[in-house]
Amino acid sequence: MMRLAFLGLLLAPLLAASSAVADKAEAPGVAAFRTVQAVLTHPRCMNCHTTVNWPTQGDAQVRHTFNVVRGPDGRGTAGMKCTTCHLATNQAAGNVPGAPDWHMAPLSMGWTGLSPAQLCKALKDPARNGGRTGARIIAHFKADPLVLWAWTPGGKRSAPPVLHAKFVEAAETWLRLGAPCPEG
Ligand code: HEC
Ligand code: HEC
């Protein structure tokens, strides 16, 4: 009895320490996803990937001015098309951001309010991401003009928190390690 109690005393702090380590260190695949997540949830991306009927703008992600709405195909309504104002490049004079075929991501690709786990699942769900497999997700990250725009957003707009190359690298690592999602 005495010896067991002694053993317990000895083991308790050890067990506590090891579970604390397990809580802190995420699996490498999940850690890679965190970098991807930091970009996806940045306002430059979120402003087009909303779950409401309109795009948002600025770092505060407020509703787009002029009562702009997504319209039937994400390109606005007949009287208020995105490309009436948003040209293929940023327009310095009017401070209007631009990239080719500027339009909103469809509702199924809306990320507003998703938890990290929900965002992770949505990103790899072909039913929600436009039927994209891993390789096509990477291709999209590497070369899509609307994704690339986020790193040269014009005006005083901030860019996502990691360099584009680091973002692509993290996404590749995440997929290579089986695209695991965080809990919660
Ligand atoms: C009447 C002109 C006009 C129309 C139409 C318009 N926009 Fe904009 N949009 C602007 C201007 C100007 C800004 C810059 C606002 C600012 O940053 O102060 C802007 C900013 C944005 C931003 C914010 C960029 C950022 O990250 O801060 C997004 C996203 C956006 N527009 C998407 C759209 C989409 C999608 C459509 C069509 C459904 C659209 N806009 C239609 C003029 C327009
Ligand atoms: C101007 C609006 C706009 C901006 C800014 C934008 N996107 Fe998108 N995004 C779209 C549209 C539109 C689609 C749908 C394209 C398609 O399916 O052909 C899309 C699709 C996607 C998809 C595929 C769908 C999915 O859920 O997996 C991903 C991933 C994505 N965007 C990531 C990003 C990232 C990361 C950023 C910021 C670095 C970003 N987007 C910025 C409009 C935008």
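The shown structure was predicted, so the numbers you read here are calculated from the model rather than taken from an experiment. (Residues numbered from 1 in each chain as written. Chains lettered and ligands numbered in written order. Predicted model: local features only at pLDDT ≥ 70, side-chain atom pairs only at ≥ 80, totals over all residues.)

Novice: Could you give me a rundown of the overall build of the protein, with the residues and numbers involved?
Specialist: When you go through the protein residue by residue, the secondary structure sums to eight helices and four strands. Out of the 184 residues in the protein, the part that is buried amounts to 17%. Long-range pairs, those at least 24 residues apart, make up 59% of the contacts in the protein with a sequence separation of at least 6. (Helix = DSSP H or I, 4+ residues; strand = E, 2+ residues; numbered from the N terminus. Buried ≥ 20, exposed ≤ 12 C-beta atoms within 10 Å, placed from the backbone. Contact = placed C-beta atoms within 7 Å.)

Novice: Summarise the packing of helix H6 (residues 134-143) against helix H8 (residues 164-176); cite the residues concerned and give the values.
Specialist: Two elements in contact, H6 and H8, have axes separated by 10 Å at closest approach and are oriented at 175 degrees. By the angle class used here, H6 and H8 are roughly antiparallel. Contact residues: H6 offers Gly-134, Ile-137, Ile-138, Phe-141 and Lys-142, while H8 offers Phe-167, Val-168, Ala-171, Glu-172 and Leu-175. Considered class by class, the residues forming the contact of H6 with H8 number seven nonpolar, one polar and two charged. (Axes fitted to C-alpha atoms, helices over the stretch in contact; angles between N-to-C directions. Parallel < 35°, antiparallel > 145°, perpendicular 65-115°, else oblique. Nonpolar A, V, L, I, M, F, W, Y, C, P; charged D, E, K, R; others polar.)

Novice: If you had to explain the nonpolar core to someone new, which residues and values would you point to?
Specialist: Grouped together as the largest cluster of nonpolar side chains are 14 residues, with contacts concentrated most on Ala-32, Phe-33, Val-36, Phe-167, Ala-170, Ala-171 and Trp-174. Of all the secondary-structure elements, those providing two or more residues to this core are helix H2 (28-40), helix H5 (116-124) and H8. By residue number, the principal contributor to this core is H2, which donates six residues. Contact partners of Trp-174, with chain neighbours within four places excluded, come to Gly-29, Ala-32, Phe-33, Val-36 and Ala-179. (Core = buried A, V, L, I, M, F, W, Y, C linked by C-beta atoms within 7 Å.)

Novice: Give a detailed account of the environment of Pro-153, specifying residues and quantitative values.
Specialist: Within the secondary structure, Pro-153 sits in the loop between helix H7 (145-149) and H8. In this structure Pro-153 touches Arg-44, Pro-97 and Ala-159, once residues within four positions along its chain are discounted.

Novice: Give a description of the site of ligand 2 that names residues and reports values.
Specialist: Surveying the vicinity of ligand 2 reveals 24 residues, the closest of which are Cys-45, Cys-48, Ala-105, Asn-129 and Ala-150. At the level of secondary structure, the elements contributing two or more residues to the shell around ligand 2 comprise H2, helix H3 (43-46), H5, H6 and H7. In terms of residue count, H7 provides more of the shell around ligand 2 than any other element does, three residues in total. Split by residue class, the shell around ligand 2 holds 16 nonpolar, six polar and two charged. (Near = placed C-beta within 6 Å.)

Novice: Residues and numbers for the site of ligand 1, please.
Specialist: Taken together, 23 residues lie near ligand 1, and Asn-47, Gln-57, Gly-76, Cys-82 and Cys-85 sit nearest. Of all elements in the fold, only H3 and helix H4 (82-85) reach the threshold of two or more residues within the shell around ligand 1. Looking at the shell around ligand 1 element by element, the count peaks at three residues for H4.

Novice: Break down unusual backbone geometry for me, citing the residues and quoting the values.
Specialist: Negative phi values dominate among residues other than glycine, just as trans dominates among peptide bonds. The backbone phi angle of Gln-61 is positive, close to 55 degrees, even though this residue is not glycine. Among the secondary structure elements, Gln-61 is positioned in the loop between strand S1 (56-57) and strand S2 (62-63). A positive phi angle, near 65 degrees, is found at Phe-66, a position not held by glycine. Mapping Phe-66 onto the fold places it in the loop between S2 and strand S3 (76-77).

Novice: Tell me about the packing of H2 against H8, residues and numbers included.
Specialist: When two helices pack together, their arrangement is given by the angle between the helix axes and the distance between those axes. For the pair H2 and H8, interaxial distance at closest approach is 8 Å and the crossing angle is 140 degrees. Compared by their axis directions, H2 and H8 come out oblique. Note that H2 runs across H8; the crossing there is left-handed. Where H2 approaches H8, its residues Gly-29, Ala-32, Phe-33, Thr-35, Val-36 and Val-39 are matched on the opposing element by Lys-166, Phe-167, Ala-170, Ala-171, Thr-173 and Trp-174. For the contact of H2 with H8, the residue count by class is eight nonpolar, three polar and one charged. (Left-handed = near helix turned anticlockwise from the far one by under 90°.)

Novice: Give me the lowdown on the environment of Gly-130, citing residues and values where you can.
Specialist: Along the chain, Gly-130 falls in the loop between H5 and H6. Spatially, the C-alpha atom of Gly-130 lies 8.6 Å from that of Ser-108, the residues being 22 residues apart in sequence.

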